[in-house]
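# Overview (structure and organization)
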Amino acid sequence: MAATDTEIAILKRDVSCAALLEQQSPAWKLDHRESTKRALKYRRNEGEVLIVNHGGRGWWDPMSEAKGDVFGLTHHLDPSLNFGQVRKLLRGLVGLRPSYPALERGPEKPDKPAVPVAQLWTQRRRLSRGSATWGYLTGERALPPAVLAAADLSDAVREGPRGSAWFAHRDHTGVLTGIDMRGPDWRGFSKSSDKSLFRLPGEAAQGSGGEAVGIGGGGGTGVPGRLAVCEAPIDALSLAALEGVRADTLYVATTGGMGPLTLACLDALLRDLAAQPEGVLVAATDADGAGERYAQRLAALAQAAGVRSERLVPPDGQNDWNDIVKQGRAA
């Protein structure tokens, strides 16, 4: 028993979860653009995403609650394997290095101290008409000015460099936790920060100075009775445009999978919704395999909180809500 325990400890220590992923067929590929030294994002096929952390000793699935060590990952990838078969497979991977040396090795010079996310945010300009960011959002993304005015009123969007847009992630108390950065030719997330939720309160449109756009409408004050969850902030803004920025709705985006803070924020919002007889969560994720799995997970969270849920899918074979907006549906 002691020898077996020792081998298990050695395998957990010396087999990298990243190396295991790269040995699969088809192999998982590192998403360099969205990876950091602490969190390596691997992708395979449409919508398959896994995050490797803890220096290669841990992993988690942003589309589900699955997580663990290299033993759990092996079984997650092939549930048909028994424990002995998992051990045999991992023995052949001891010491194998993953193929991301640029991310794996330490820096040649000390890293610069990370700028606090609140300071990053306050250093950027508020959204303004005629700016490069305004042009990107109204031109390439086709978002109506009234929706951008509502976003500015909530301080949900600021102007980044090179015409990019910075989208605020805030927790349930309104504290800024991170920044989703999107531009014409690049994207990223602020370093040393956390994903929570991008938020656009429908009530913000009431003071935006712009007329309602798109279709739909709505009323209501106080805590919104309708929570619309999208994947990307631009999709949340696009859905708001298509619905006329409903005042009874809080439009949110998770920017990819749901980490611990995102889940905590959703749990808090679902508790608020559960106190309202007409409260509803709308899973407005993309119309693809990953979006469907994401919607199913959101529905499960809503059910656990005692909240009704609905699925809202982009029509006409389009993948996301911005595709619809760009077709001219929110003129």
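Residues numbered from 1 in each chain as written. Predicted model: local features only at pLDDT ≥ 70, side-chain atom pairs only at ≥ 80, totals over all residues. Heavy atoms only, no water.

## Comments concerning the overall build of the chain
Assigned secondary structure in the chain consists of 12 helices and 14 strands. Classification of the 331 residues of the chain by burial places 49% in the buried group. Considering only intrachain contacts with a sequence separation of at least 6, the fraction spanning at least 24 residues in the chain is 64%. Carbon and sulfur atoms make up 52% of the accessible area of the chain, which totals about 15,900 Å². (Helix = DSSP H or I, 4+ residues; strand = E, 2+ residues; numbered from the N terminus. Buried < 20%, exposed > 50% of the residue type's maximum accessible area, 1.4 Å probe, protein only. Contact = heavy atoms within 4.5 Å. Areas by Shrake-Rupley, 256 points an atom, 1.4 Å probe, with all protein chains shown as cover.)

## A word on the side chain of Arg 87
Structurally, Arg 87 can be placed in helix H4 (residues 83-91). One polar contact links Arg 87 to Glu 7, side chain to side chain, over a distance of 2.8 Å. (Polar contact = N/O pair within 3.5 Å; in protein donor to acceptor, adjacent residues only side chain to side chain.)

## Looking at the sheet that holds strand S1 (residues 29-30)
The strand order across the open sheet built from 5 strands is S1-S2-S3-S4-S5, with neighbouring strands paired in antiparallel fashion. If you trace the sheet from one side to the other, it starts and ends with S1 and strand S5 (67-68), each paired once. Bridge count between S1 and strand S2 (residues 40-44): 2 bridges; the pairing is antiparallel. If you follow Leu 30 over to S2, its bridge partner there is Tyr 42. (Pairing = 2+ DSSP bridges.)

## Looking at the packing of helix H10 (residues 260-274) against helix H11 (residues 289-305)
Interaxial distance between H10 and H11 falls to 9 Å at its minimum, and their mutual angle equals 50 degrees. With respect to each other, H10 and H11 are oriented oblique. The chirality of how H10 crosses H11 is right-handed. Within the contact between the two elements, H10 uses Leu 263, Leu 266, Leu 270 and Ala 274 and H11 uses Arg 297, Leu 298, Leu 301, Ala 302 and Ala 305. Tallied by class, the residues present in the contact of H10 with H11 amount to 8 nonpolar, no polar and 1 charged. (Axes fitted to C-alpha atoms, helices over the stretch in contact; angles between N-to-C directions. Parallel < 35°, antiparallel > 145°, perpendicular 65-115°, else oblique. Left-handed = near helix turned anticlockwise from the far one by under 90°. Nonpolar A, V, L, I, M, F, W, Y, C, P; charged D, E, K, R; others polar.)

## Examining the pattern of salt bridges
Going through the model one piece at a time under the given rule, you end up with 16 salt bridges. In this structure, the salt-bridge partner of Arg 126 is Asp 152, at a minimum N-O distance of 3.2 Å. With a gap of 26 residues between them, Arg 126 in the loop between helix H6 (117-122) and helix H7 (132-140) and Asp 152 in helix H8 (residues 145-153) connect regions that are remote in the sequence. Among the ionic pairs, Arg 246 bridges to Asp 248, the shortest N-O distance being 2.7 Å. Classification of Arg 246 by relative accessible area gives partly exposed; the value is 22%. Taken together, the shared-partner salt bridges in this structure form one network comprising Arg 126, Asp 152, Asp 155, Arg 158 and Arg 170. (Salt bridge = Lys/Arg side-chain N within 4 Å of Asp/Glu carboxyl O.)

## Re the packing of aromatic side chains
Per the stated rule, a full pass over the model turns up 2 aromatic pairs. On the numbers, 5.4 Å between centres and 20 degrees between planes, the contact of Phe 71 with Phe 83 is stacked. Of this pair, Phe 71 sits in helix H3 (residues 70-77) while Phe 83 sits in helix H4, placing them 12 residues apart in sequence. The exposure class assigned to Phe 83 is partly exposed, which follows from its relative accessible area of 44%. Relative to Phe 198, the ring of Phe 167 lies with its centre 5.7 Å away and its plane at 85 degrees, an arrangement referred to as edge-to-face. A residue pair is termed long-range when its members are at least 10 positions apart, and Phe 167 in strand S7 (residues 165-170) and Phe 198 in strand S10 (residues 197-201) qualify at 31 residues. Taken as a pair, Phe 167 and Phe 198 share a single burial class, namely buried. Over the aromatic face of Trp 166 sits the side chain of Arg 124, whose NZ or CZ is 5.3 Å from the ring centroid. A cation over an aromatic ring shows up here: Lys 195 above the ring of Phe 189, its NZ or CZ 5.6 Å from the ring centre. (Phe/Tyr/Trp six-rings, centres within 6.5 Å; stacked < 30°, edge-to-face > 60°. Lys NZ or Arg CZ within 6 Å of the ring centre and 35° of its normal.)

## Here we look at unusual backbone geometry
A cis geometry characterises the amide bond from Ser 25 onward to Pro 26, with omega recorded as -5 degrees. Located in the positive-phi region is Ala 142, a residue other than glycine, with phi close to 60 degrees. Relative to the assigned elements, Ala 142 resides in the loop between H7 and H8. On the basis of relative accessible area, Ala 142 is assigned to the partly exposed category, the value being 23%. The phi angle at Asp 155 is positive, at roughly 50 degrees, despite the residue not being glycine. Considering the arrangement of structural elements, one finds Asp 155 in the loop between H8 and strand S6 (157-159). According to the relative accessible area criterion, Asp 155 is buried, its value standing at 15%.

## Structural notes on the packing of H3 against H4
Contact geometry of H3 with H4 gives a least axis separation of 10 Å together with a crossing angle of 110 degrees. As summarised for this structure, H3 and H4 are arranged roughly perpendicular, according to the angle between their axes. In contact with Val 70, Phe 71 and Thr 74 of H3, H4 contributes Phe 83, Val 86, Arg 87, Leu 89 and Leu 90.

## Notes on the environment of Arg 97
One can find Arg 97 in the loop between H4 and helix H5 (101-104). Looking at Arg 97, the relative accessible area reads 58%, which means it is exposed. For the pair Arg 97 and Ala 18, spaced 79 residues apart in sequence, the C-alpha separation works out to 8.4 Å.

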